[in-house]
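Observations on the three-dimensional arrangement
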Amino acid sequence: MTRSGVEVARIFRRHGPAYRRWHPLPLHQRRLMSAIEHCRTAALGGHRDGCSNCGLTRVSYNSCRNRHCPKCQAGQREKWVEARRKDLVPVSYYHVVFTLPEGAAEIAFHNPVTVYGILFNACRQTLMTIGADPKHLGAELGFFAILHTWGQNLLFHPHLHCVVPGGGLAGGRTRWVDCKPGFFLPVRVLSRLFRRLFVEQIEEAFQRGAIRFPVNGTQEGLNGAKEFQRRLGQLRGVEWVVYAKPPFGGPERVLEYLGRYTHRVAISNNRLLESDEGEVRFRWRDYSRGNKKRVMTVSSEEFIRRFLLHTLPAGFQRIRHYGWLASSGKKE
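Basis of the calculations
- Numbering of residues starts from 1 in each chain and follows the order in which that chain's sequence is written.
- It should be noted that, the model being predicted, local features are given only for residues of pLDDT at least 70 and side-chain atom pairs only at 80 or more, the latter also being counted only at that level, while totals for whole chains, interfaces and linings use all residues.
- Each side-chain value is worked out from all heavy atoms of the structure, with water and hydrogens disregarded.
- Here a helix means four or more residues in a row that DSSP labels H or I, a strand means two or more in a row labelled E, and each is numbered from the N terminus.
- The globule rule is 2.2 Å times the number of residues to the power 0.38, and the radius of gyration it is compared with is taken over C-alpha atoms.
- Here's how the labels work: a residue is buried when its accessible area is under 20% of the maximum for its type, exposed when over 50%, partly exposed in between, all with a 1.4 Å probe on protein chains only.
- By definition in these notes, contact holds between two residues if any of their heavy atoms fall within 4.5 Å.
- Only the protein chains shown count as cover for residues, and all accessible areas are computed by the Shrake-Rupley method using a 1.4 Å probe.
- In this tally, Asp and Glu contribute negative charge and Lys and Arg positive charge; neither His nor the terminal groups of the chain are included.
- Note that the charge is assigned to NZ on lysines, CZ on arginines, CG on aspartates and CD on glutamates.
- Only centres within 6.5 Å qualify two rings of Phe, Tyr or Trp (six-membered ring in Trp) as a pair; their planes then separate them into stacked at under 30 degrees, edge-to-face at over 60, and tilted for everything else.
- Orientation is described by lines fitted to C-alpha atoms, with helices fitted over the stretch in contact, and by angles between N-to-C directions that extend from 0 to 180 degrees.
- Note that the term roughly parallel is reserved for angles under 35 degrees, roughly antiparallel for angles over 145, roughly perpendicular for angles of 65 to 115, and oblique for everything else.
- In the scheme used here, Gly and all other residues not listed as nonpolar or charged are polar, with Ala, Val, Leu, Ile, Met, Phe, Trp, Tyr, Cys and Pro taken as nonpolar and Asp, Glu, Lys and Arg as charged.
- We treat two strands as partners when DSSP finds at least two bridges between them.

Some details on the overall build of the chain
Check the secondary structure of the chain and you find ten helices and twelve strands. Against the compact-globule benchmark of 20 Å for 332 residues, the chain has a radius of gyration of 22 Å, which places it among compact chains. Within the chain, the proportion of its 332 residues that are buried is 47%. For the chain, the proportion of contacts with a sequence separation of at least 24, taken over those separated by at least 6, is 70%. Counting every atom, the chain has about 17200 Å² of accessible surface; 50% of that belongs to carbon and sulfur. The averaged location of the 27 negative side-chain charges in the chain is 2 Å from the averaged location of its 52 positive side-chain charges.

Structure, rendered in structure tokens:
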């Protein structure tokens, strides 16, 4: 693919100062913008590489190492994937995606730390419960989950990608149980349990005051118990999407897959086409229309707003391991 030369850093450097003047930002978003703007520039310092034979020298500027930076994820991704190599087992692997419906995503938008934590927990409980059920697999699963908050159009779309070996441990972790060839767990059963667990935990978090909405905002009414219960009723009345993709083969295919997903950011520089006259053009795939390739044009201000939607709270762990792939389970 031909690179256009447009980068998120360039857009931030050119339009970021004006955006920050007109839009008060929380500290973690201001730090993110500053890190990306200064990544691999003299502002972060650097080092000089020299060849002892020909005398050629080259100055390399330091990276910002921010986990949202498109430039800094390749190296981190390779290290993480290589560390996972020893965790792989010689079975088929499944990709299961848990997606929040619009009404739940709106709650997450205003309460990210609380709701992202509930999303991980409800996902874990769902997979572990259905996997342990003798009617389905009857074994303890091991898997890891990766949080993504974006869609291809950069709008807010929180969902978890789970990578799960096709089987589990039974008999006190003494024997392996394979799932049926080409079939992992029933997605309808997963989606129903996921919906119930998530809504129950959201309700409990609201009751203890962990979920609140901005005063004078369009969602202010949700601070009231009656209106919030109405929202929960709506969530219980719609089908939730849990998607299990076909198995993608053995361990080496999994490593290839991990390289694409684990350290992905909201948009890579490769998808950017132009940034000119206050507008940004980028490639995207319209999944609602058969995965059709499209080009979207937004203002620079809107592009920055959408990018910042996906800034994770400071210290939040977006990749988590469960079951026998958790730290304690792997050691055992």
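Describing the packing of aromatic side chains
One pass over the structure, following the stated rule, counts 15 aromatic pairs. Residues W176 and W324 carry aromatic rings whose centres are separated by 5.7 Å and whose planes lie at 75 degrees to one another, so their mutual orientation is edge-to-face. Of the two residues, W176 sits in strand β7 (residues 175-178) while W324 sits in the loop between β12 (319-323) and α10 (327-331), which places them 148 residues apart along the sequence. For W324, a relative accessible area of 9% gives the class buried.

What to know about the packing of helix α4 (residues 102-110) against helix α5 (residues 112-132)
Close contact between α4 and α5 brings their axes to 6 Å; oriented N to C, the two are set at 130 degrees. As summarised for this structure, α4 and α5 are arranged oblique, according to the angle between their axes. Seen from α4, the contacting residues are I107, A108, F109 and H110; seen from α5, they are P112, V115 and Y116. Residues of the contact of α4 with α5, tallied by class, amount to six nonpolar, one polar and no charged.

Remarks on the sheet that holds strand β8 (residues 241-245)
Read from one edge to the other, the open sheet built from five strands follows the order β8-β3-β5-β4-β12, with strand pairing classed as antiparallel. Edge positions in the sheet fall to β8 and β12, since each of these pairs with one other strand and no more. Shown here is a sheet whose adjacent strand axes are inclined to one another by a mean of 20 degrees, direction ignored. When strand β4 (residues 142-150) meets β12, the two strands line up antiparallel, connected through five bridges. Looking at the pairing, F143 lines up with Y322 of β12.

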